[in-house]
Amino acid sequence: MKLVVQVKLLPTPEQASVLEATLRVCNRAATYASQVAFAEELKDRNGLQKEVYADLKARFGLSAQPAVRAVKKVVDAYATLRANLRAGNLGPPTSKRYRKAVGAPIGFRPEAAQPFDDRCLSWQYDARTVSIWTVAGRMRGIPFACSPDQLKTLVAHRKGESDLVCRGGKWFLIATCDLPDPEVYEPVDWIGVDRGIVNLATTSDGTNYQGRRLSRYRRWQARKRAELQRKGSRSARRRLARRKRKEQRHATHVNHRVSKEIVSAIAHARRGCLSPHPHPPPDSCWGWVYATRDRPVVGGSRERDEVCTTERNKRPCTTEKVTHTGYGTLRALVHSPRSASTASTVSA
């Protein structure tokens, strides 16, 4: 099971300027590679790398491994776009949003996140510092801050790429951690969870988590933003910048707190969790079984697995297995299509 750990970098002003220049150069190189891939209709990594590798090193001054990472970043972006098109997330082919997405090459913001592998980035856990490749050479001794639990997870399970992110003038590294596979058990019972806006979550046991306080907070934030925008002074603009993303962070915290309470009760009772799919396919009855301690259920989850429910068309279905992890993940691995006589297992 893969999780991500976000740590905060604490660079000096000189180091921060070099990191910013590195992001800008890498994203300019990725935009150039994206234009070539769009013009030449190159979809595979090897073909695109063969076409632009020398240009990325000569025109943008990238070393070998950062050039390879830029190519991989472009290929992954186009793969994500194709997946969204197939899933219908951008509307039908005749929609304006669909045509805009396929009619131009993908562009990368100057400060978009940049992936680094172990050849470009190394961690010194004891000193809590990192060493990272930059356009000015290797930069060593950049301190980072994280909780003891995060550090323990990094030391034991970090594996793969880490993304360098600049958000609101602050620097972060988002590291991928590969945790052991969870324990598998059969649930003794099931609990349903219905999500909404007025009521954030309502369980089949009768527990109701109201969203009245969160809605009131959102309205208060909207009034404050409007007041500051009407003033238009320099201090008002500074206060608006400080308030940026504050509402989103608060809503994420509320969702996480509610989901953690639900999942803890479910995991303690060794039960399964069912939540209706908001857009079920017309030929199937679907649902989600989830959630994790570190990832929100209410308002969306990053891990969504399909499970057959009897809510749609009132068809019975068979559950194969449910997974429980130390992080509170619950999974059901069954999909029962209308046309099939028996349920088929969906791989995790």
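Calculation notes
Throughout, a residue's number is its position along its own chain's written sequence, starting from 1. Two thresholds apply to this predicted model, a pLDDT of at least 70 for residue-level local features and 80 or more for giving and counting side-chain atom pairs, whereas whole-chain, interface and lining totals are computed over all residues. Calculated side-chain values reflect all of the structure's heavy atoms, with hydrogen atoms and water omitted. Two aromatic rings from Phe, Tyr or Trp, using only the six-membered ring of Trp, form a pair when their centres are within 6.5 Å; if the ring planes differ by under 30 degrees the pair is stacked, by over 60 it is edge-to-face, and anything between is tilted. Secondary structure elements are taken from DSSP: a helix is a run of H or I of four residues or more, a strand is a run of E of two residues or more, and numbering for both begins at the N terminus. Exposed residues in this analysis have more than 50% of their type's maximum accessible area, buried residues have under 20%, and partly exposed residues fall in between, with area computed by a 1.4 Å probe over protein chains only. Strands were regarded as paired on the criterion that DSSP finds at least two bridges between them.

### A look at the packing of aromatic side chains
Between two aromatic rings, the relevant description is the distance of the centres plus the angle of the planes.
And then number 1: Applying the stated criterion across every chain, the model contains four aromatic pairs.
And then number 2: Geometrically, the ring pair formed by Trp123 and Phe144 is edge-to-face, given 5.4 Å between the ring centres and 75 degrees between the ring planes. Taken together, the positions of Trp123 in strand S3 (residues 121-124) and Phe144 in strand S5 (residues 137-145) put the pair 21 residues apart, joining distant regions of the chain. When sorted by exposure, Trp123 lands in the same class as Phe144, which is buried.
And then number 3: Taking 6.2 Å as the distance between ring centres and 35 degrees as the angle between the ring planes, the aromatic pair formed by Tyr217 and Trp220 counts as tilted.

### Describing unusual backbone geometry
Outside of glycine, negative phi angles account for most residues, and trans bonds account for most peptide bonds.
And then number 1: Located in the positive-phi region is Arg245, a residue other than glycine, with phi close to 70 degrees.
And then number 2: On the secondary structure map, Arg245 appears in the loop between helix H7 (234-243) and helix H8 (246-268).
And then number 3: Exposure remark for Arg245: the relative accessible area of 38% places this residue in the partly exposed category.
And then number 4: Positive phi outside glycine occurs at Arg270, with the angle close to 55 degrees.
And then number 5: Its place among the elements puts Arg270 in the loop between H8 and strand S12 (272-276).
And then number 6: Arg270 gets classed as partly exposed once you look at its relative accessible area, which sits at 34%.

### Looking at the pairing of strand S9 (residues 190-195)
And then number 1: Two strands pair when backbone bridges link them, and S9 and strand S10 (residues 199-203) are joined in this way by three bridges, in the antiparallel orientation. The partner of Arg195 across the bridge, within S10, is Ala201.
And then number 2: The turn joining S9 and S10, which pair antiparallel and follow one another in sequence, is formed by three residues.

Shape is all these values report; function is a separate question.
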